[in-house]
Amino acid sequence: MDKHEGRDAGTIRLDDPWYDALAVGWGEGEGEGAGVGEGPDEASGDGAETSQPRSDPAGPHVRAASDIYLEVQRSAAFQEVRSRYRRFVVPATVGFFLWYVAYVIAATTAPAMMARPVFGSVNVALLAGLGQFLSTFVLTWAYARHARLRRDRAALDLRWTVFEQEQVRRADAGERNRARGAGR
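Every value quoted in this text rests on a predicted model; they were computed, and no experiment measured them.

As for the environment of Thr136
Then, in step 1: Position of Thr136 among the secondary structure elements: in helix α4 (residues 124–182).
Then, in step 2: Taking the relative accessible area as the measure of exposure, Thr136 reaches 35% and is therefore partly exposed.
Then, in step 3: Between the C-alpha atoms of Thr136 and Phe96, which are 40 residues apart in sequence, the distance is 8.2 Å.

Here's the deal with the nonpolar core
Nonpolar side chains in soluble globular proteins tend to end up buried together.
Then, in step 1: Formed by Ile68, Val72, Val81, Leu158 and Val162, the largest nonpolar core amounts to 5 residues.
Then, in step 2: For this core, the elements supplying multiple residues, two or more each, are α1 (65–74) and α4.
Then, in step 3: Those residues in contact with Leu158, other than ones at most four positions away along the chain, are Val72, Ser75, Ala77, Phe78 and Val81.

Describing the pattern of salt bridges
Then, in step 1: This model, assessed by the stated rule, comprises 3 salt bridges.
Then, in step 2: Note that Arg87 is salt-bridged to Glu80, the shortest N-O span being 3.5 Å.
Then, in step 3: A salt bridge links Arg170 to Glu166, with the nearest nitrogen and oxygen atoms 3.1 Å apart. On the criterion of helical spacing, the pair formed by Arg170 and Glu166 is a turn pair, its members being 4 residues apart in helix α4.
Then, in step 4: Several salt bridges converge on common partners, so that one network encompasses Glu80, Arg84 and Arg87.

Observations concerning the packing of α1 against α4
Then, in step 1: Interhelical geometry of α1 versus α4 gives an angle of 155 degrees and a closest axis separation of 10 Å. Our classification of the angle between α1 and α4 gives roughly antiparallel. Between α1 and α4 lies a crossing of right-handed hand. Of α4, the residues touching α1 (which contributes Ala65, Ile68, Tyr69, Glu71 and Val72) are Leu158, Val162, Gln165, Glu166 and Arg169.

Some thoughts on the packing of α1 against helix α2 (residues 76–109)
Then, in step 1: At their nearest, the axes of α1 and α2 sit 4 Å apart, and the two run at 60 degrees to each other. Touching Val72, Gln73 and Arg74 of α1 are Ala76, Phe78 and Gln79, all from α2.
Then, in step 2: Of the residues contributing to the contact of α1 with α2, the split by class is 3 nonpolar, 2 polar and 1 charged.

Thoughts on the packing of aromatic side chains
The geometry of an aromatic ring pair is captured by two quantities: the separation of the ring centres and the angle between the planes.
Then, in step 1: Inspection of every chain in the model, using the stated rule, returns 2 aromatic pairs.
Then, in step 2: Look at Phe88 and Tyr143: their rings are 5.9 Å apart centre to centre, the planes differ by 50 degrees, and that puts the pair in the tilted class. Pair noted here: Phe88 is in helix α2 and Tyr143 is in helix α4, with a separation of 55 residues, a long-range link.
Then, in step 3: Residue Phe88 is classed as buried on the basis of its relative accessible area of 18%.
Then, in step 4: Judged by relative accessible area, Tyr143 falls into the partly exposed class, the value being 33%.
Then, in step 5: An angle of 90 degrees between the planes, with centres 5.4 Å apart, marks the rings of Trp160 and Phe163 as edge-to-face.

What to know about α4
Then, in step 1: Within α4, the axis deviates most sharply at Arg151, by approximately 55 degrees.
Then, in step 2: Near the N-terminus of α4, the side chain that reaches the backbone nitrogen of Ala125, with its oxygen 3.4 Å away, is that of Asn123.

Each value, and the rule that gives it
Residues numbered from 1 in each chain as written. Predicted model: local features only at pLDDT ≥ 70, side-chain atom pairs only at ≥ 80, totals over all residues. Heavy atoms only, no water. Helix = DSSP H or I, 4+ residues; strand = E, 2+ residues; numbered from the N terminus. Buried < 20%, exposed > 50% of the residue type's maximum accessible area, 1.4 Å probe, protein only. Core = buried A, V, L, I, M, F, W, Y, C linked by side-chain atoms within 4.5 Å. Contact = heavy atoms within 4.5 Å. Salt bridge = Lys/Arg side-chain N within 4 Å of Asp/Glu carboxyl O. Axes fitted to C-alpha atoms, helices over the stretch in contact; angles between N-to-C directions. Parallel < 35°, antiparallel > 145°, perpendicular 65-115°, else oblique. Left-handed = near helix turned anticlockwise from the far one by under 90°. Nonpolar A, V, L, I, M, F, W, Y, C, P; charged D, E, K, R; others polar. Phe/Tyr/Trp six-rings, centres within 6.5 Å; stacked < 30°, edge-to-face > 60°. Bend = angle between axes of the 7 residues up to and from the residue. Polar contact = N/O pair within 3.5 Å; in protein donor to acceptor, adjacent residues only side chain to side chain.

Here is the structure:
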């Protein structure tokens, strides 16, 4: 499915751009600087994967992979995704931690209250303990729902942006390497 602008769920790209991509440094051959898809004879040796930007004597500034990631990290879209993440995770973590600490404190400081029967042999402590498990599952569900509705689409768009910029960077590096090889 192609990537299109808009909010309709059918207009985003559902496949993962890096699903089949190798991790950095994996399967790149023995020579340092060999890029993905380059054989040992085609290895550039110029360290195009390192983080320092370089200038090619025959061409303009070469964008390193880290430059792309830093650019995306500074973008407003990335900051919005991170902000949405923090707006959910920080209060949820604080709330869950307070609920857990309240349970522990109540169990240690008010054993008579915790031992009070609710019905049959079920007491307040047992219900609160089961509530801990229930709240864990509810919080997990709420996190997954929040991620799906508020962050996943924007994060996937950012992944595609980085993937496309990385493809352009690799293509540019490949052209420079071929030009350098032809000039020998």
